[in-house]
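Overview (structure and organization)
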Amino acid sequence: MDQPAVPPPWELRHFRALVAVTDHQSFTRAAESLWISQSSLSRTIAQMERMAGLRLVVRDSGTARLTEAGAVLEPHARRILAAVEDAYATTTSRNPTLRVGFTWNALAEDTSSLITEFEVMHPGLSVRLIRCDDGPLAGLDDGRSDLALLRGTPPRGKVSHVVLRAEPRMAVLPSDHVLVDRSAVELADLENEPLVINVATGSTPRTLWGYRSSDAHVVEVHNIDEWVEAIASGRGIGVSASSTSTLHPHPRVVYRPLPDAPAVPVVLAWPRTHAHPLARDFVAMAQHIVGRGNGSTCDRCR
């Protein structure tokens, strides 16, 4: 008879410690967030490493960072903690939460209606919007989000999704740029400009002009705030979906229509496996609200 599998020795406190260190990149701040002493946190991480037989966290000049092994483990830790939170809410009759991630824009003017009407349809449920700037799937891949509102089509095979609508692209210029007096610009007007790209979650590929490659003059940033500030300071121009002009205005940035650029799909995505029980209901509500607002029929993508 086969011996039963030995369960991993880690406890939830180990996963909470790893996630806290990841989020705060500091043992001091991570310990404060967990309401424990720094020495207790250090012992927990050290115990976790002994159990794994691997180094998971490295301290370097006051900053804590994950090793390669730690980075592999971290998304699993988040998924485990999220699953435990959901299970606890369900079994204790606490108000359940549906976590909806987004990167830099949610659903623009339809966001409030979607959340309000969904919560009315499901009394006791709370919909929580979570901004996740560090990856293109807005927390779906590490358990922070149950669903995600994305700009651009997600990688094939990783998630299921529907396309809710398409947003026109806009050129994003420093306020002193020579093209700001135009009512609209074309891609050809921008072909020799330095291009600011949000490499973590942006919707503008380097190949938008058909020839740009890694050798093109590209300014890389890692979130929407850095992106706007880089353009405002004149480091380059940007291209983004039209909702960005409303949700991320800046006194030194001007948005102009870019009619010859392809539109940006607005996508609602969820995990292919172990989806939240209310994921389908939320998708249907999002399709209804978006369709109600623009009279279009949403495309279903597999």
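1. Quick look at the overall build of the protein chain
- Helix and strand content of the protein chain: 8 helices and 13 strands.
- Projected onto the principal axes, the alpha-carbon positions of the protein chain cover approximately 70 × 50 × 40 Å.
- Put simply, the protein chain has 302 residues, and 47% of those count as buried.
- For the protein chain, the share of sequence-separated contacts (at least 6 apart) that also reach a separation of at least 24 residues comes to 69%.
- Averaging the locations of the 31 positively and 34 negatively charged side chains of the protein chain gives two centres separated by 5 Å.

2. Considering the packing of helix α1 (residues 12–24) against helix α2 (residues 27–34)
- For the pair α1 and α2, interaxial distance at closest approach is 8 Å and the crossing angle is 125°. Regarding the angle of α1 to α2, the classification is oblique. Read as a crossing pair, α1 and α2 show a hand that is right-handed. Packed against α1, whose contacting residues are Arg16, Ala17, Ala20, Val21 and His24, the element α2 presents Phe27, Arg29, Ala30, Ser33 and Leu34 at the interface.

3. Observations regarding the pairing of strand β7 (residues 169–174)
- When you tally the buried positions in β7, you get 6 out of 6 residues, the bulk of the element.
- Pairing of β7 with strand β11 (residues 253–257) involves 5 bridges; the strand directions are antiparallel. Pairing of alanine 171 across the sheet is with arginine 256, part of β11.

4. Notes on empty space enclosed by the protein
- Here the structure, examined in full by the defined rule, presents 1 cavity of 30 Å³ or more.
- In this structure, the largest cavity occupies an estimated 100 Å³ of space.
- Taken together, Trp104, Val196, Ile197, Asn198, Gly202, Ser203, Thr204, Ile224, Trp227, Val239 and Ser240 form the lining of the largest cavity.
- Every element with two or more residues in the lining of the largest cavity is listed here: β8 (195–198), α6 (224–232) and β10 (238–241).
- Looking at the lining of the largest cavity, the element that brings in the most residues is β8, giving 3 residues.

5. Digging into the sheet that holds β7
- The 3 strands are arranged β10-β7-β11 in an open sheet whose pairing can be described as antiparallel. Every interior strand has two partners, whereas the edge strands, β10 and β11, have only one. Going across the sheet, the axis of each strand differs from the next one's by a mean of 35°, ignoring polarity.

6. Observations regarding the packing of α2 against helix α3 (residues 38–52)
- The interhelical angle for the contact between α2 and α3, taken along N-to-C directions, is 100°, at an axis separation of 8 Å. Between α2 and α3, the angle is such that the two are roughly perpendicular. The residues of α3 that touch α2, namely those facing Phe27, Thr28, Ala30, Ala31 and Leu34, are Gln38, Leu41, Ser42 and Ile45.
- Its residues placed into classes, the contact of α2 with α3 shows 6 nonpolar, 3 polar and no charged.

7. Focus: the environment of alanine 30
- Note that alanine 30 resides in helix α2.
- Linking alanine 30 and leucine 41, residues 11 residues apart in sequence, is a C-alpha distance of 8.1 Å.

8. Section: the nonpolar core
- Counting residues in hydrophobic clusters, the biggest one holds 24 residues, and the most contacted among them are Leu147, Leu149, Leu164, Leu268 and Phe282.
- The biggest single contributor to this core is helix α8 (residues 279–294), with 7 residues.
- What leucine 147 contacts, discounting residues up to four positions off in sequence, is Leu98, Arg99, Val100, Gly101, Leu140, Leu268, Ala269, Trp270, Ala279, Phe282 and Val283.
- Within the second largest apolar cluster, 18 residues are counted, among which are Phe15, Ala64, Leu73 and Ala77.

9. Some words on α6
- Among the residues of α6, those classed as buried are Ile224, Trp227, Val228, Ala230, Ile231 and Ala232.
- Residue asparagine 223 occupies the N-cap position of α6, its side-chain oxygen lying 3.1 Å from the main-chain nitrogen of aspartate 225.

10. Considerations on the side chain of arginine 78
- Considering the arrangement of structural elements, one finds arginine 78 in helix α4 (residues 68–91).
- The class of arginine 78 is buried, set by a relative accessible area of 10%.
- One polar contact links arginine 78 to glutamate 74, side chain to side chain, over a distance of 2.4 Å.

The rules behind these values
Throughout this document, residue positions are counted from 1 along each chain, in the order its sequence is written. Residue-level local features of this predicted model are given only where pLDDT is at least 70; pairs of side-chain atoms are given and counted only at 80 or more, and the full residue set underlies all totals for whole chains, interfaces and linings. Neither water nor hydrogens contribute to the side-chain values; these are computed over all heavy atoms in the structure. Numbering goes from the N terminus for both helices and strands, where a helix is a DSSP run of H or I of at least four residues and a strand is a run of E of at least two. Burial classification: accessible surface area is computed with a 1.4 Å probe over protein chains only, and a residue below 20% of its type maximum counts as buried, one above 50% as exposed, and the rest as partly exposed. The contact rule is simple, with two residues in contact once any of their heavy atoms fall within 4.5 Å. Neither His nor the chain ends contribute to the count of charged residues, in which Lys and Arg are positive and Asp and Glu negative. By convention, the charge on Lys lies at NZ, on Arg at CZ, on Asp at CG and on Glu at CD. Orientation is described by axes fitted as lines to C-alpha atoms, over the contacting stretch for helices, and by angles from 0 to 180 degrees between their N-to-C directions. Roughly parallel means an angle under 35 degrees; roughly antiparallel, over 145; roughly perpendicular, 65 to 115; everything else is oblique. For any helix crossing, the convention is left-handed if the near helix is rotated counterclockwise from the far helix by under a right angle, and right-handed if that rotation is clockwise. Strand pairing requires that DSSP identify at least two bridges connecting the strands. We place a 1 Å grid over just the protein atoms. Points where a 1.4 Å probe fits but has no way out form a cavity, open points with protein on both sides within 12 Å along at least 5 of 7 lines form a pocket, and any residue with an atom within 4 Å of a point lines it. Grid points are joined across faces, edges and corners, and a volume is the space filled by probe spheres set on the points. Any residue outside Ala, Val, Leu, Ile, Met, Phe, Trp, Tyr, Cys, Pro, Asp, Glu, Lys and Arg is labelled polar, Gly included; the first ten of those are nonpolar and the last four are charged. Residues belong to one nonpolar core when they are buried, are Ala, Val, Leu, Ile, Met, Phe, Trp, Tyr or Cys, and are joined through side-chain atoms within 4.5 Å. As used in this structure description, the phrase polar contact means that two N or O atoms lie within 3.5 Å; if the pair is within protein, one of them must be able to donate a hydrogen and the other to accept it, and residues adjacent in sequence are counted only when both atoms belong to side chains.

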